[in-house]
Amino acid sequence: MTERRSANTGTTFAGAAALVAVLVATLAVALASSGDDATRRQAIYLAAAVAGAGALSGWFVSCWTRGRAAGVATAGVLSATLLRLGPMLATLAWISSQEGGLRSAGAAGFLVAFYLPLLATDIVLTLLASPRGPRNGGANGVN
């Protein structure tokens, strides 16, 4: 039991490091293309903070509930999805209700630009971090 828990912890933090690396790379690309517009940079930082916090919190919840009893694992998946999407949708609604400012700077587009690479990374990490290890094509499966 101890080996599984320590392996799960290593996987959790390695996945978090991968998500942070993707976030930093996306942030660097967005800032490089933003020019000198302060409002646009503010929109980029807002989108990076919201998408990054959602991705990391969703990743931690999904890792901590993976491999548990069916009810806990299902609640974990639903909670992780809510943690990823909830802040994004709330921020999008807030941006859409404003006149000018962040809305005109393209903050909604930056939310999507940060969310999609983080989601793709999370999906790949989830596939690689199966609690039973990598799939072997069903060779050891029970029918």
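Please refer to the structure placed before this passage.
Residues numbered from 1 in each chain as written. Predicted model: local features only at pLDDT ≥ 70, side-chain atom pairs only at ≥ 80, totals over all residues. Heavy atoms only, no water.

Details of the layout of surface pockets
Remark: the empty space left among the atoms is shown by a probe the size of a water molecule rolled over them. Convention followed: Cavities and pockets are found on a 1 Å grid laid over the protein atoms alone: a cavity is a set of points where a 1.4 Å probe fits but cannot escape, a pocket is an open set with protein on both sides within 12 Å along at least five of seven lines, and a lining residue has an atom within 4 Å of such a point. Grid points are joined across faces, edges and corners, and a volume is the space filled by probe spheres set on the points. Secondary structure is summarised from DSSP: a helix means a run of H or I of at least four residues, a strand means a run of E of at least two, and numbering begins at the N terminus for each. Each residue is assigned to one of three groups, with Ala, Val, Leu, Ile, Met, Phe, Trp, Tyr, Cys and Pro labelled nonpolar, Asp, Glu, Lys and Arg labelled charged, and all others, Gly among them, labelled polar.
One number sums up the size of the largest pocket: a volume of about 270 Å³. Forming the boundary of the largest pocket are 16 residues, of which Ser62, Arg66, Val77, Arg84 and Thr126 lie nearest the centre. For the lining of the largest pocket, the secondary-structure elements that each account for two or more residues are α2 (38-65), α3 (70-96) and α5 (107-128). A total of six residues in the lining of the largest pocket trace back to one element, the largest contributor, which is α3. Residue composition of the lining of the largest pocket, by class: eight nonpolar, five polar and three charged.

Points about the packing of α2 against α3
For clarity, the threshold we go by: Angles here are taken between N-to-C directions and fall from 0 to 180 degrees, while the axes themselves are lines fitted to C-alpha atoms, restricted in helices to the stretch in contact. These descriptions rest on fixed angle ranges, namely under 35 degrees for roughly parallel, over 145 for roughly antiparallel, 65 to 115 for roughly perpendicular, and the rest for oblique.
Where α2 meets α3, the closest approach of the two axes is 7 Å, and the angle between their N-to-C directions is 170 degrees. In terms of orientation, α2 and α3 fall into the roughly antiparallel class. Tallied by class, residues from the contact of α2 with α3 come to 15 nonpolar, eight polar and one charged.

Section: the packing of α2 against α5
So the rule is basically this: Note on convention: the crossing is left-handed when the near helix lies turned anticlockwise from the far helix by less than a right angle, right-handed when the turn is clockwise. Working rule for contacts: check all heavy atoms of both residues, and any pair within 4.5 Å makes them a contact.
With their axes 8 Å apart at the nearest point, α2 and α5 run at an angle of 25 degrees to one another. Taken together, α2 and α5 sit at an angle that is classed as roughly parallel. Helix-helix and strand crossings are classified by hand; for α2 and α5 the assignment is right-handed. Seen from α2, the contacting residues are Arg40, Ala43, Ile44, Ala47, Ala48, Val50, Ala51, Gly52, Ala55 and Trp59; seen from α5, they are Ala107, Phe110, Leu111, Phe114, Tyr115, Leu118, Asp122, Leu125 and Thr126. A class-by-class count of the residues in the contact of α2 with α5 yields 15 nonpolar, two polar and two charged.

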